[in-house]
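Residue strings, one per chain:
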Amino acid sequence: PEAGRPHVATSQPPPFISSPLPPPCLSSSTRRKETPPNPISSPPLPSARPNPIRSPPSSSVAMGRKFFVGGNWKCNGTVEQVESIVNTLNAGQIASTDVVEVVVSPPYVFLPTVKGKLRPEIQVAAQNCWVKKGGAFTGEVSAEMLVNLGVPWVILGHSERRSLMGESSEFVGEKVAYALAQGLKVIACVGETLEQREAGSTMAVVAEQTKAIADKIKDWTNVVVAYEPVWAIGTGKVASPAQAQEVHANLRDWLKTNVSPEVAESTRIIYGGSVTGASCKELAAQPDVDGFLVGGASLKPEFIDIINAATVKSA
Ligand SMILES: O=C(CO)COP(=O)(O)O
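Residues numbered from 1 in each chain as written. Predicted model: local features only at pLDDT ≥ 70, side-chain atom pairs only at ≥ 80, totals over all residues. Heavy atoms only, no water.

## Observations regarding the site of the ligand
The condition is simple: Here a residue is near a molecule or strand as soon as one of its heavy atoms is found within 4 Å of it. Throughout this description, a polar contact denotes any pair of N or O atoms lying within 3.5 Å of each other; where both atoms belong to protein, one of them has to be capable of donating a hydrogen while the other can accept it, and for residues adjacent in sequence the pair is counted only when both atoms sit in side chains. Accessible areas in this description were obtained via Shrake-Rupley with a 1.4 Å probe; residue shielding takes into account the shown protein chains only. Ten residues, namely Ala, Val, Leu, Ile, Met, Phe, Trp, Tyr, Cys and Pro, are considered nonpolar, four, namely Asp, Glu, Lys and Arg, are considered charged, and the remaining ones, Gly among them, are considered polar.
Every one of the 13 residues lining the ligand counts as a neighbour, but Lys74, His158, Gly234, Ser274 and Gly296 are closest to it. A distance of 2.7 Å is found between an oxygen atom of the ligand and a backbone nitrogen or oxygen belonging to Ser274. Within the backbone of Gly295, a nitrogen or oxygen atom sits 2.8 Å from an oxygen atom of the ligand. Contact with the protein chains hides 97% of the accessible area of the ligand, taken as 310 Å² for the molecule alone. For the shell around the ligand, the residue count by class is four nonpolar, seven polar and two charged.

## Looking at the pairing of strand E1 (residues 67-72)
Selection criterion: Buried means the residue's accessible area, taken with a 1.4 Å probe over protein chains only, is under 20% of the maximum for its type, while exposed means over 50%, and partly exposed covers the values in between. Comment: elements are numbered from the N terminus, with helices defined as DSSP H or I runs of at least four residues and strands as E runs of at least two. Pairs of strands are assigned from DSSP output, requiring at least two bridges between the strands. For crossovers, right-handed means that the path from the first strand over the helix to the second runs clockwise, given strands pointing away from the viewer.
The buried count for E1 comes to six of six residues, which makes it a mostly enclosed element. The alternating pattern of E1 places Phe67, Val69 and Gly71 on one face and Phe68, Gly70 and Asn72 on the opposite face, and all of these are buried. In terms of strand pairing, E1 meets strand E2 (residues 100-105) through six bridges, oriented parallel. Residue Phe67 lies in a different strand from E2, and its bridge partner there is Val100. Between E1 and its parallel partner E2, the chain crosses via helix H1 (residues 79-91), and the hand of that crossover is right-handed. For E1 and strand E8 (residues 291-294), the ladder comprises four bridges, and the chain directions are parallel. Its bridge partner lying in E8, Gly71 is registered against Val294.

## A look at the nonpolar core
As a reminder, the rule being used: What is meant by a nonpolar core is a set of buried Ala, Val, Leu, Ile, Met, Phe, Trp, Tyr and Cys residues, joined one to another through side-chain atoms within 4.5 Å. Contacts: residue pairs with any heavy atoms within 4.5 Å of one another.
Counting 74 residues, the largest nonpolar core has Tyr271 and Phe292 as its most contacted members. With near-sequence residues (within four places) excluded, Tyr271 lies in contact with Tyr227, Pro229, Ala232, Val238, Ala239, Ala244, His248, Leu283, Val289, Gly291, Phe292 and Leu293. Membership of the second largest hydrophobic core comes to 11 residues, among which are Ala125, Trp153, Ala226 and Ile270.

## A short note on the confidence of the model for the protein
For clarity, the cut-off: Each residue gets a pLDDT score, which is the predictor's confidence in that residue and runs from 0 to 100.
Residues of the protein with pLDDT of at least 70 account for 80%, and the chain-wide mean is 85. Of the regions scoring below 50 in pLDDT, residues 1-61 engages in 104 contacts with residues more than four places distant in sequence or in other chains. Model confidence for the complex: the whole-complex pTM is 0.82, and ipTM, which rates the interface, is 0.99.

## A word on the packing of aromatic side chains
Put simply, the rule is: Planes of paired rings set the category: under 30 degrees apart is stacked, over 60 is edge-to-face and the rest tilted, where pairs are Phe, Tyr or Trp rings (Trp by its six-membered ring) whose centres lie within 6.5 Å.
Enumeration over the complete set of coordinates arrives at five aromatic pairs. Both rings, one in Trp130 and one in Phe137, keep their centres 4.6 Å apart while their planes meet at 35°; by these two values the pair is tilted. Residue class for Trp130 comes out buried when judged on its relative accessible area of 9%. For the ring pair Trp130 and Phe171, a centre distance of 6.5 Å and an interplane angle of 70° mean the geometry is edge-to-face.

## Section: the side chain of Gln243
Looking at the secondary structure, you find Gln243 in helix H8 (residues 241-258). Side-chain polar atoms of Gln243 contact the backbone nitrogen of Ser240, separated by 2.9 Å.

## A few points about the sheet that holds E8
Two modes of strand pairing occur in sheets, parallel and antiparallel, and in both the strands are linked by backbone hydrogen bonds. Short version of the rule: Orientation is described by lines fitted to C-alpha atoms, with helices fitted over the stretch in contact, and by angles between N-to-C directions that extend from 0 to 180 degrees.
A barrel is described by the order of its strands in space; here eight strands give the closed sequence E1-E2-E3-E4-E5-E6-E7-E8, paired in parallel fashion. Adjacent strand axes in the sheet meet at a mean angle of 25°, parallel and antiparallel pairs treated alike.

## Quick word on the state of the cysteines
As a reminder, the rule being used: Throughout, a disulfide means two cysteine sulfur atoms within 2.5 Å of one another.
All chains considered together, the criterion is met by zero disulfides. The closest cysteine sulfur to the non-disulfide-bonded Cys75 is located on Cys189, 16 Å from its own sulfur. Overall, Cys75 belongs to the exposed group, its relative accessible area being 78%.

As structure tokens, this is what we get:
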């Protein structure tokens, strides 16, 4: 298919660019990890540095955007580990479904088991699906199959698929449109690399990736946008609350200008990248952070704490 390297440079300036963002709080090592360690066996990630910015008053928290927490298990897990994670989730005390929507995304092979064993208030997502109707596409899984299995959600455009599998923004846009048309709900991922951030093109990249989706869909009701800066994924370098808020607010502005004020107001924009139990509350307090997409920490009991960060919004 027409999968190609993502196009991150735009010939035209994006409709919104704020001043270049401050560099991420990286250590002397600025190399992105090509293959993040398996979070099941790795030690807990370091906690986020406290950030002194103040939380907004709860009155500024937008009404109607229910907090959303996704757990992306990526290519991790054995039968035994999956059972253990499900048991932990089933036993955990989590905020009510009025307050938070929770979706976990195991590898395809575990989806039916996890769906069958999980408490009903936690939904499941696939981590990808094919761009069109199924058929002679060896190794792919179609949106129709996910619907047939009763899997309600799919993650599309994750940076690992963009960079490692060469999925272009256009290809991701097509996937989002097709999955929505089949009745799936979509967690659509966008985010810049370290190099792009340091070049001051964060918002241009995020706009280009979002536009490729906006060009192909009309109805955003079943879309959650996940802002996942690549430099924060699997690195332990979580975005500061201010960094996340700035991109989320600009992305919402982009939706307002380029899609509609209603879509901007109602679409959940969630943050992903080294979120932990220690960093989640301050991030959740940001007015435009509507939840999280969690990788490594979603395999650990602290995922329960991250889910319950939703209560920050209603406090
Ligand atoms: O890629 C992510 C979720 O999709 C984030 O992964 P980590 O939370 O492991 O950084």
